[in-house]
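Reading the structure
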Amino acid sequence: MLKAENVTLAYGRTPVVHDVTLEITPGGVGLIGESGSGKTTLARAFLGLLKPVKGVILYGGRPLTDLRAFRREVQPVFQAESLDPRMRVGRSIAEARPAMPVASLMEAVGLDPALAGRRPHELSGGQRQRVVIARALAVEPRLLILDEPTSALDVTVQARILELLAGLETERLLITHNLAVVSRLCRTSHVLFAGRVVESGPTAELLARPMHPYTRALREAVPELGGSPPAATGAEPVTAATGCAYRLRCPLAVPACEERPEPVAIGDRRVACHRATEL
Amino acid sequence: MRRLGAFLLALIVLASLAAPWLAPYPEDAVDPLSSLLPPSPEHWFGTDQAGRDIFSRVLYGGQTSLLIAIAVLGSSALVGVALGMTAGYAGGWLRDVIMRVTDIFLAFPALLLSVALAVVLDPTVTTVIVAIAATWWPWYARLSMSVAASVSTRPYVDAARCLGVPAPLIVVRHVLPNSLTPVLVQLSLDAGGVILTAAALSYLGLGAQDPIAEWGLMVEQGQSLISTNWWVVTFPGLAIVLTAFAFNVLGEGLRNALDPRRTVIK
């Protein structure tokens, strides 16, 4: 329903997302990557909040021009801290549709309607996140763009919010660095590194058998109960300005990586790595 | 401390408003034989060069000085915040145009611009208000533009945009309430400065004129006497300092009251 076609995004003159083609398909789509990889920037473009400097965002096969109709159909779910600190949460939920009964929306996301008169700081993190979800659902959207919706929550609250999100019938694009969350909510995933999609494919397969060294590093960085913590490099992550952006960190880098790899299809996966077939 | 500030400001305002009943002498009652008398039971704050009772003139002067301060700050904030909010939220060319106009006003020394405006207009209290407000609003425009630009990038503003809330409503509902605190604090800090600037204009013959009682004018008229007749300048000066202090404490109180994180669950 929503597609980025050869999209390049920039802040000022600094491009942060390069030539990305990505479609939001049914079953949930995950966008995985470290901080600064361009996930949120891409989400802002999908929400119509940022115009591409190159390429186009298509909605229903047509370029995104009539934002009025689009606004009601695609809604963001930001982090729990995304509520106006001065506005009572009931008013935040009812902002788009004042006539909508707030109580039923609050009940639908597992909130006590009596909390409607409170301000965000008077609620717990989990309650705030539910308010954010209720606000997005108020306009009955077709697609939710979830930007790190559980990253500021503790694990037990996170589990309850995931349960709530998994139960929604709305389509979703989930932006996260948490592989466990993406494996639960998304059928398809894309891995973003330095503003480029380096690997795409069915989530279960992509996480079980990563074909890009960066995806593999992400997978190995997940701490396991009883296991040893991931090895620290002792240096800030670096990206290469030319060729494969990951090559300065890649244990498999070869001279060919000085040329930028184009994404190639391998089965139902797409991987941008010269050594993808070896992994 | 906050209550002391509110109490002081209330006292100053009430005393100024009740001047016709509280003042023991008319503000402009000249008595050459009583010139420059020190404080005494007859003249609590002494008398000035023309033999006028300084206590009475301080009470009446509050009306003029507070009127100037409130009118200047109110109109400057209204214009400056409206332009600053528009520039900060809209960004792009509109922000550039508004900010360049603001920069032009800021490039002139404030007092010089006030003097130039006051020369063109008649020397009255209204002239003082217009002249000072014309140089004061750019500061509020610049301050509120920078705060509004920052608030406009917050996720709750993005969320409102995504809900299709019209831009003017987003500014009124989200950007303005979350940008006002520094403006209110600045307003409270500026009150003393406005009164002193009004005094400077009056001294130059471009604002309130004798025999109108105005604190700044009284300070300017008495400054050459500070080593010989200290009371002439001290009491109106104290009135300015106390008023500025009361406004500052009130600003701090407002800042706290407007911080939603300081409210408690009822």
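Residues numbered from 1 in each chain as written. Chains lettered and ligands numbered in written order. Predicted model: local features only at pLDDT ≥ 70, side-chain atom pairs only at ≥ 80, totals over all residues. Heavy atoms only, no water.

Observations concerning the packing of aromatic side chains
All names here are of chain B. Spelled out, the test is: For this analysis, a ring pair means two rings from Phe, Tyr or Trp (six-membered ring only for Trp) whose centres lie within 6.5 Å, classed as stacked if their planes differ by under 30 degrees, edge-to-face if by over 60, and tilted for the remaining angles. For the purposes of this entry, the term helix denotes a DSSP run of H or I that reaches at least four residues, the term strand denotes a run of E that reaches at least two, and both are numbered from the N terminus. Buried, partly exposed and exposed residues are distinguished by accessible area as a fraction of the type maximum, computed with a 1.4 Å probe on protein chains only: under 20%, between the cut-offs, and over 50%, respectively.
Counted according to the given criterion, the structure contains 10 aromatic pairs over all chains. With a centroid separation of 5.0 Å and an interplanar angle of 85°, the aromatic rings of Phe45 and Phe55 are classed as edge-to-face. One end of the pair, Phe45, is in the loop between α2 (19-22) and α3 (54-90); the other, Phe55, is in helix α3, with 10 residues separating them in the sequence. In this structure Phe55 comes out as buried when scored by relative accessible area, which is 15%. Ring centres of Trp230 and Trp231 lie 5.8 Å apart, and the angle between their planes is 85°; on these two criteria the pair is classed as edge-to-face. Of the aromatic side chains, those joined through ring pairs into one cluster are Trp44, Phe45, Phe55, Trp230, Trp231 and Phe235.

What to know about the state of the cysteines
We apply this condition: Defined by distance alone, a disulfide is two cysteine sulfur atoms within 2.5 Å.
Summed over the entire model, instances satisfying the criterion amount to zero disulfides over all chains. Between A:Cys186, a free cysteine, and B:Cys162, which holds the nearest cysteine sulfur, the sulfur-to-sulfur gap is 19 Å. Unpaired in terms of disulfides, A:Cys250 finds its nearest cysteine sulfur in A:Cys257, a separation of 6.1 Å.

Let's talk about the side chain of A:Ser200
Applied cut-off: Contacts were defined at the residue level, with two residues in contact if any of their heavy atoms lie within 4.5 Å.
You can see A:Ser200 is positioned in strand β10 (residues 196-202). Excluding residues within four positions of it along the chain, A:Ser200 makes contact with A:Ser189, A:His190, A:Leu206, A:Asp268, A:Arg269 and A:Arg270.

Focus on the UniProt feature "domain: ABC transmembrane type-1" (unreviewed entry) in chain B
Rules: UniProt positions are given in the numbering used here, feature names are shortened, and annotations may be inferred rather than shown by experiment.
Summarizing the sequence annotation, UniProt attributes the feature "domain: ABC transmembrane type-1" (unreviewed entry) to residues 62-251 of chain B in the numbering used throughout. Its end C-alpha atoms 20 Å apart, residues 62-251 of chain B is made of 81% helix and 0% strand.

With respect to the interface of chain B and chain A
Spelled out, the test is: Put simply, buried area is the surface a 1.4 Å probe can reach on two separate parts but cannot reach once they are joined, added for both. What makes a salt bridge here is a side-chain nitrogen of Lys or Arg within 4 Å of a carboxyl oxygen of Asp or Glu, nothing more. Definition of a polar contact: a pair of N or O atoms within 3.5 Å, with one able to donate and the other able to accept a hydrogen when the atoms are protein atoms, and with sequence-neighbouring residues admitted only if both atoms are side-chain atoms. All residues other than Ala, Val, Leu, Ile, Met, Phe, Trp, Tyr, Cys, Pro, Asp, Glu, Lys and Arg, Gly among them, are scored as polar; the first ten of these are nonpolar and the last four charged.
Contacts between the two partners involve 22 residues from chain B and, on the opposite side, 24 residues from chain A. Taken together, the two surfaces of chain B and chain A that pack against each other cover about 2,100 Å², and 57% of this comes from carbon and sulfur. Along the contact surface separating chain B from chain A lie two salt bridges. Where A:Glu95 meets B:Arg173, a salt bridge forms, and the shortest distance between an N and an O atom there is 3.2 Å. Counting across the chain B and chain A interface gives 11 residue pairs in polar contact (both at pLDDT 80 or more). At the level of elements, α7 (155-162) and α8 (167-175) of chain B are the ones that each hand at least two residues to the side of chain B that touches chain A. In terms of residue count, α7(B) provides more of the side of chain B that touches chain A than any other element does, seven residues in total. Within the side of chain B that touches chain A, the residues separate by chemical class into 12 nonpolar, five polar and five charged.

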